[in-house]
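# Observations on the three-dimensional arrangement
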Amino acid sequence: MKPVTLKEIADQLNISVTTVSKALKDYPDISKKTKALVKELAQTLNYKPNAFAVNLRTKESKTIGLIIPEIVHHFFSSVIKGIVAQAEKKDIWS
């Protein structure tokens, strides 16, 4: 089953892809009625934003890279746990 796109939502509601995108992001220039229709259909179709597209738009991937010699050593597993905890605390990674 392929993921639902903004275009599919737009086609079903007979509105533009831009309007769908703005409605999902709560832009003030989109009517409450349109926002409700778009959000309801998006939820019904189980729409999930494309993570790669979001990363390109925001210019951040929220990816953390680590190079460690081996995970089995207690020190490195503690370091990884600490990094994950701090990232989650600061909402860098979820």
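Quick note: structure is the one above.
Residues numbered from 1 in each chain as written. Predicted model: local features only at pLDDT ≥ 70, side-chain atom pairs only at ≥ 80, totals over all residues. Heavy atoms only, no water.

### As for the packing of helix H1 (residues 6–13) against helix H2 (residues 17–24)
Worth spelling out the cut-off: Helix axes are fitted only over the stretch in contact, all axes being lines through C-alpha atoms; the angle between N-to-C directions runs from 0 to 180 degrees. Runs of H or I in DSSP of at least four residues are treated as helices and runs of E of at least two as strands, each being numbered from the N terminus. Small angles under 35 degrees read as roughly parallel and large ones over 145 as roughly antiparallel, with 65 to 115 read as roughly perpendicular and the rest as oblique. Here, two residues are considered to be in contact whenever any of their heavy atoms come within 4.5 Å of each other. In the scheme used here, Gly and all other residues not listed as nonpolar or charged are polar, with Ala, Val, Leu, Ile, Met, Phe, Trp, Tyr, Cys and Pro taken as nonpolar and Asp, Glu, Lys and Arg as charged.
Interaxial distance between H1 and H2 falls to 8 Å at its minimum, and their mutual angle equals 105°. Here H1 is positioned roughly perpendicular relative to H2, judged by the angle of their axes. For the pair H1 and H2, contact is made by Leu6, Lys7, Ile9 and Ala10 and by Val17, Val20, Ser21 and Leu24, respectively. A per-class count over the contact of H1 with H2 returns six nonpolar, one polar and one charged.

### Focus: the pattern of salt bridges
The following threshold applies: In what follows, salt bridge is the name for a side-chain nitrogen of Lys or Arg lying within 4 Å of a carboxyl oxygen of Asp or Glu. For every residue, the accessible area obtained with a 1.4 Å probe (protein chains only) is divided by the maximum for its type, and the residue is called buried under 20%, exposed over 50%, and partly exposed between those limits.
Applying the stated criterion to the full structure yields three salt bridges. Here Asp29 makes a salt bridge to Lys22, at a shortest N to O gap of 2.8 Å. Owing to a relative accessible area of 24%, Lys22 belongs among the partly exposed residues under this scheme.

Geometry only, nothing functional implied.
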